[in-house]
Amino acid sequence: MVCPCDWPEPIVRVQSLSESGKPIIPDRYIKPPLDRPSLDTNPLNINIPLIDLAGLNNGDLTVREAKLKEISVACREWGFFQVINHGLRPELVDGAREIWREFFHESMEVKQKYANSPKTYEGYGSRLGLQKGAILDWSDYYFLHYLPSSLKDHNKWPDKPTSLREVVEEYSKEIVRLGRDLLEVFSINLGLKDDYLQNKFGGDDIGACLRVNFYPKCPQPDLTLGLSSHSDPGGMTFLLPDENVSGLQVRRNEQWITVKPARHAIIVNIGDQLQVISNAIYKSVEHRVIVNPDKERVSLAYFYNPKSDLLIHPAPELVTPETPALYPSMTFDEYRLFIRTRGPQGKSQVESLKSPK
């Protein structure tokens, strides 16, 4: 996978813009009118499904069947749901979020040591995409690899705060466990062998990477977005939200729904690769992030992905004369080059792959 080594323009840290105290945001961050957030962010007062995973694997078949059905409905009808009793300790959930908040409040000198480039995106960044003159999002982030082990490099993880690397290791291990558990559930619900999706992702040789998002206070939140509308290019995403500040919005029936996270919940969403493998039985869903005039926001997006060089295509078991394959074969590496060069683009990439009828 080939990416340019340098950003097309000098990088500006959004946190620095926010802390300058200026009452207006630079033009580079002002979205076109149709892309700007509505002030009435959730007129229907609805939320994504909340699923309690307690009992999923305790041996009670009746309880397990009920959980499988709940997850199946959420995947088919929403593409987004949040889980509680997921096996991650509450202290770990809170600690992972807060240690990253501390990192973003370290000195700029500390953070700049880890400034990233578009070649791998690893490290401290402030833009996605490489289009010169693009309208940017109101956020900074930190991106790191956990799996495969060949890509994990602790020297590219922040050394301050001092316990950050230890916390990220424990959190990552638990998210990978949760990912494996849910892929098994998805496989069963799709009528496939229990280990089908895990094997399609590469077995033990999957990809897992973390993007920590920092959304500073914004003096004009009605003009910009923390993260533009997109669907996630990978397999599935586990989002640890900021429980005190709403921001994530999911597109449903042409409306934007502001997600209200449950206490210590992890938000799960289907990525483009699962849409392809399931032949669109499961669909990735557009989502975006709004910003706040009074409060900063921190979230952790963990991407559970197929091994980068494996061919991804619709499962043959899900292809019939009535439901022909909708997508050609493509490696995940080939696929994600699109979003790394163009930045968030709604669902245009996965939709453009569909075979002509």
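Residues numbered from 1 in each chain as written. Predicted model: local features only at pLDDT ≥ 70, side-chain atom pairs only at ≥ 80, totals over all residues. Heavy atoms only, no water.

> What's the story with unusual backbone geometry in this structure? I'm lost.
Peptide bonds are, in most cases, trans, and in most cases residues other than glycine have a negative phi. The omega angle of the peptide bond from L147 to P148 is 0°, so this bond is cis rather than trans. Position of P148 among the secondary structure elements: in the loop between strand 4 (140–147) and helix 5 (164–189). Here the phi dihedral of N253 falls at roughly 50°; this positive angle occurs in a residue that is not glycine. Here N253 shows up in the loop between strand 8 (248–252) and strand 9 (255–258). A positive phi angle is found at E254, which is not glycine, with a value near 65°. (Helix = DSSP H or I, 4+ residues; strand = E, 2+ residues; numbered from the N terminus.)

> Sorry if this is basic, but what is going on with the pairing of strand 9 here?
Walk down a regular strand and you will see the side chains alternate between the two sheet faces. Pairing of strand 8 with strand 9, which is carried by four bridges, proceeds in the antiparallel orientation. Bridge pairing links V250 to I257 in strand 9. Linking two consecutive strands that pair antiparallel, namely strand 8 and strand 9, is a turn of two residues; a positive phi of about 50° is found at N253 within it. (Pairing = 2+ DSSP bridges.)

> Explain the sheet that holds strand 8 here, please?
Paired through their backbone hydrogen bonds, the strands of a sheet run either parallel or antiparallel. Taken in spatial order, the four strands line up as 6-11-8-9 in an open sheet, and their pairing is antiparallel. Across the chains shown, the open sheet's two edge strands, defined by having one partner strand only, are strand 6 (227–230) and strand 9. The average undirected angle you get between the axes of adjacent strands in this sheet is 25°. Here strand 8 runs beside strand 11 (residues 287–289); their pairing, made up of three bridges, is antiparallel. When the bridges of strand 11 are listed, Q249 appears paired with R288. (Axes fitted to C-alpha atoms, helices over the stretch in contact; angles between N-to-C directions.)

> Explanation requested: the packing of helix 3 (residues 90–104) against helix 5 in the structure shown.
Angle between the axes and distance between the axes are the two parameters that describe a pair of packed helices. Running from N to C, helix 3 and helix 5 cross one another at 140°; their axes reach a closest spacing of 10 Å. Taken as axis vectors, helix 3 and helix 5 run oblique relative to one another. Where helix 3 crosses over helix 5, the handedness of that crossing is left-handed. Across from L92, G95, A96, I99, W100 and F103 in helix 3, the residues of helix 5 making contact are L164, V167, V168, E170, Y171 and E174. Along the lines of polarity and charge, the residues of the contact of helix 3 with helix 5 split into nine nonpolar, one polar and two charged. (Parallel < 35°, antiparallel > 145°, perpendicular 65-115°, else oblique. Left-handed = near helix turned anticlockwise from the far one by under 90°. Contact = heavy atoms within 4.5 Å. Nonpolar A, V, L, I, M, F, W, Y, C, P; charged D, E, K, R; others polar.)

> So what exactly am I meant to see when it comes to the pattern of salt bridges here?
Two side chains carrying opposite charge are able to pair once their charged atoms lie near each other. Under the defined criterion, the tally for this structure stands at 25 salt bridges. A salt bridge links E174 to R177; the nearest nitrogen and oxygen atoms lie 3.1 Å apart. With E174 and R177 both in helix 5 and three residues apart, this pair spans about one turn of that helix. Note on R177: relative accessible area 28%, which makes it partly exposed. The partner of R180 in a salt bridge is D204, and the shortest N-O contact between them spans 2.5 Å. Placement of the pair is R180 in helix 5 and D204 in the loop between helix 6 (196–200) and strand 5 (207–215), with a sequence separation of 24 residues. (Salt bridge = Lys/Arg side-chain N within 4 Å of Asp/Glu carboxyl O. Buried < 20%, exposed > 50% of the residue type's maximum accessible area, 1.4 Å probe, protein only.)

Functional significance is not addressed by these values, which are geometric in nature.
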